[in-house]
Amino acid sequence: MVGIIFGALAAVIHVLVPEQGLTFLWVMMTTMILGCWKREAPWRWILLVVPFVPIADIAHKLLRPQQVSRASMWGAVLIALVAVPGAYGGSYMRQMINNIFGTPNE
């Protein structure tokens, strides 16, 4: 549920703010938080967060075709490249925290 909310917020940021970097940072931050939160399968956070951005971009293009550029469409697809290191980095960060502080694996 949290991953879906973060993905929907990433889609809103991508559509409303013309800066691609902010969307990249949001997706990296949220997938890293989710990967650190539940480290067992970080790929599921990628699958929950990433698809919302291209879907929202396509929907926005259908509603207002003059305002969406091709670069924005490719940027929506390239969000997946940022989500992968975010989710796996968060997972490895959690593993390192568990190793340093001696907390048991869940």
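These figures come from a predicted structure and were not determined experimentally.

## Some words on the packing of aromatic side chains
Here comes step 1: For the structure shown, the criterion picks out two aromatic pairs.
Here comes step 2: With centroids separated by 5.9 Å and ring planes inclined at 90°, the aromatic side chains of Phe6 and Trp26 adopt a geometry described as edge-to-face. A residue pair is termed long-range when its members are at least 10 positions apart, and Phe6 in helix α1 (residues 2–16) and Trp26 in helix α2 (residues 20–37) qualify at 20 residues.
Here comes step 3: When the ring centre of Trp37 is taken as reference, the NZ or CZ atom of Lys38 above it lies at 5.6 Å.

## Regarding the packing of α1 against helix α4 (residues 52–63)
Here comes step 1: Interhelical geometry of α1 versus α4 gives an angle of 40° and a closest axis separation of 8 Å. The orientation of α1 with respect to α4, classified from their angle, is oblique. Of the two elements, α1 crosses α4, and the hand of that crossing is right-handed. Contacts between α1 and α4 pair Ile4, Gly7, Ala8, Ala10, Ala11, His14 and Val15 from the former with Phe52, Val53, Ala56, Asp57 and His60 from the latter.

## A short note on a nonpolar patch on the surface
Here comes step 1: Taken together, the side chains of Trp43, Leu47, Val84, Tyr88 and Tyr92 make up a nonpolar region of the molecular surface, amounting to roughly 540 Å² of accessible area.
Here comes step 2: Counting only elements with at least two residues in the nonpolar patch, the list comes to α3 (43–49) and α5 (70–101).
Here comes step 3: Counting residues per element, the nonpolar patch draws most heavily on α5, at three residues.
Here comes step 4: Its location among the elements puts Trp43 in helix α3.

Each value, and the rule that gives it
- Residues numbered from 1 in each chain as written.
- Predicted model: local features only at pLDDT ≥ 70, side-chain atom pairs only at ≥ 80, totals over all residues.
- Heavy atoms only, no water.
- Phe/Tyr/Trp six-rings, centres within 6.5 Å; stacked < 30°, edge-to-face > 60°.
- Helix = DSSP H or I, 4+ residues; strand = E, 2+ residues; numbered from the N terminus.
- Lys NZ or Arg CZ within 6 Å of the ring centre and 35° of its normal.
- Axes fitted to C-alpha atoms, helices over the stretch in contact; angles between N-to-C directions.
- Parallel < 35°, antiparallel > 145°, perpendicular 65-115°, else oblique.
- Left-handed = near helix turned anticlockwise from the far one by under 90°.
- Contact = heavy atoms within 4.5 Å.
- Patch = residues over 30% accessible without salt bridge, like charges linked within 9 Å, V, L, I, M, F, W, Y side chains within 5 Å.
- Areas by Shrake-Rupley, 256 points an atom, 1.4 Å probe, with all protein chains shown as cover.
- Salt bridge = Lys/Arg side-chain N within 4 Å of Asp/Glu carboxyl O.

None of the figures reported here should be taken as evidence of function without further support.
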